[in-house]
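Given next are the chains, with one letter for each unit.
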Amino acid sequence: MTLRFPENFLWGVSTSSYQIEGGAPDDGRGRSIWDTYCATPGKVANGDTGEVACDHYHRYPEDLDLLRDLGAKVYRLSIMWPRVLPEGGGRINEKGLDFYDRIVDGVLERGMRAWPCLYHWDLPQALQDRGGWTNRDIAGWFTDYTALIARRLGDRVENWVTFNEPSVSAWVGHEEGRHAPGLTDPRAAVRAAHHLNLAHGRAVAVLRDLTPRAGVGTVIPIHKARPLPQFQERDAHLVPLFEDKWNGVFLDPIYHGRYPASLADRFAEHVRDGDLAEIHRPIDFVGVNQYFPSYIQECSDGAWPFKHADPPLYFRRTEMNWAIDGHAFYEALMLVKARYGNPPVYVTENGGAFIDVVGADGRVDDQDRIAYYREYLIGLQRAISEGADVRGFMPWSLLDNFEWARGYAKRFGLVHVDYRTQKRTPKASFHFMREVIAENALPGI
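Residues numbered from 1 in each chain as written. Predicted model: local features only at pLDDT ≥ 70, side-chain atom pairs only at ≥ 80, totals over all residues. Heavy atoms only, no water.

1. Details of the sheet that holds strand β7 (residues 285-289)
- Reading around the barrel, the eight strands line up as β1-β2-β3-β4-β5-β7-β10-β11 and close back on themselves, with parallel pairing between neighbours. Looking at each pair of strands side by side, their axes are set apart by 30° on average, direction ignored.
- Where strand β5 (residues 215-221) meets β7, five bridges bridge the pair, whose relative direction is parallel. From the neighbouring strand, Thr 218 faces β7, where its bridge partner is Val 286.
- Against the sheet, helix α11 (residues 239-256) contacts β5 and β7, and its axis sits at roughly 160° relative to β5. (Pairing = 2+ DSSP bridges. Helix = DSSP H or I, 4+ residues; strand = E, 2+ residues; numbered from the N terminus. Axes fitted to C-alpha atoms, helices over the stretch in contact; angles between N-to-C directions. Contact = heavy atoms within 4.5 Å.)

2. Describing the UniProt feature "binding site: substrate" (unreviewed entry) in the protein chain
- The positions that UniProt labels "binding site: substrate" (unreviewed entry) are, in the present scheme, Gln 19, His 120, Asn 164, Tyr 291, Trp 396, Glu 403 and Trp 404.
- Looking at the secondary structure, you find Asn 164 in strand β4 (residues 159-164).
- You can call Asn 164 buried: its relative accessible area is 0%.
- In this view, Asn 164 contacts Arg 76, Cys 117, Tyr 119, His 120, Trp 121, Val 219, Asn 289 and Glu 349; residues no more than four positions away in its chain are not counted.
- You can see Glu 403 is positioned in the loop between β11 (390-393) and β12 (415-417). (UniProt positions renumbered as here; feature names shortened; annotations may be inferred. Buried < 20%, exposed > 50% of the residue type's maximum accessible area, 1.4 Å probe, protein only.)

3. Some remarks on the UniProt feature "active site" (unreviewed entry) in the protein chain
- Mapped onto the present numbering, the UniProt feature "active site" (unreviewed entry) falls on Glu 165 and Glu 349. Despite a sequence span of 185 residues, these residues sit close together in the fold, their greatest C-alpha distance being 10.4 Å.
- According to the relative accessible area criterion, Glu 165 is buried, its value standing at 7%.
- Apart from the residues within four sequence positions on either side, Glu 165 is in contact with Trp 121, Val 219, Pro 221, Asn 289 and Glu 349.
- Examined against the element boundaries, Glu 349 turns out to sit in strand β10 (residues 345-349).

Dropping the structure here:
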């Protein structure tokens, strides 16, 4: 099947600050919650940290050249809050701002567009010490940070992303404890979720005011839930609640001005008069991250009546034990179309972790990843053919990198990184994606 897409389709790639930058002790960067989490024994595989990561802080020109060579037209990067505001507010670190100036300028010089994401999970530890996302004041702290970045970079930015996967920050970081800050408090997670939404709404207002010509959106990992086949009759009723938790909590307030009815009681104590009006501000697009189908099963001893389940054994899987299913990708895109009025969508993350081996010839022949992308791009084609307003695709990720609690054990990149030498080697999947982009490219875009 030919991988052809609409003529104005935007191709890009995504990264995130803590996962690639390194440079932890350099030029006045403050500590983040992930620095603290990594330093906590047993939290991250092999005791890995993001202190060096891919050393992008020092090697960014080489990485931007790789983006150009890929043919990417959009680069979704993220800003590290504690690099520019070491205490989360107050004193500004000009050297940190200078770094992002250089990144944005370098992207533009190579004929690409920069789409900065303001928050990809690396909260300043100084703010976590004051309650972090469980403290309502953080909506104001985030607004001040947003204004700083908008004033500095807004003359060169065409689109902003407020948050990457706030659902993961709330549920995985505050309820499951598998991500920073490592809390296991369901009520705190609900409170954090509301404050993330409130911060988003206020940031949209600031960005509209300071950069009125720029687009604004947010990025949500869309989960299309399924019960395990053997428990279909027992567990099918749990699917709507699961999807309300993971999708609806963060998109319903934006598009519908309310929390899902199934969860309204959980949020009532945290919502003040005017909050939902602040969150319910129009956005220009929603970024969709999607990797796998979400299988669930009944749970009787947790904060929710469901839990994640391992996918059926008949699926091929990635090294993350995620089922490979391009049809689930199609379903997730159609879910957004049906539930939120078919908004403009950019796929801002999609990809798979596989065992990548550098061969004797120096190449990485990652055919499993190519097969993954081919299947998911076919699912994307189908969604577009059935009317989903999908306007771009940005795989995860440009580089192998620090994969949060998995450390450096899992590789998602189109480019292999030797973490000992920092040598970059474009994989076969890099060349595959470059061919797909070239076949769909428009001159001058």
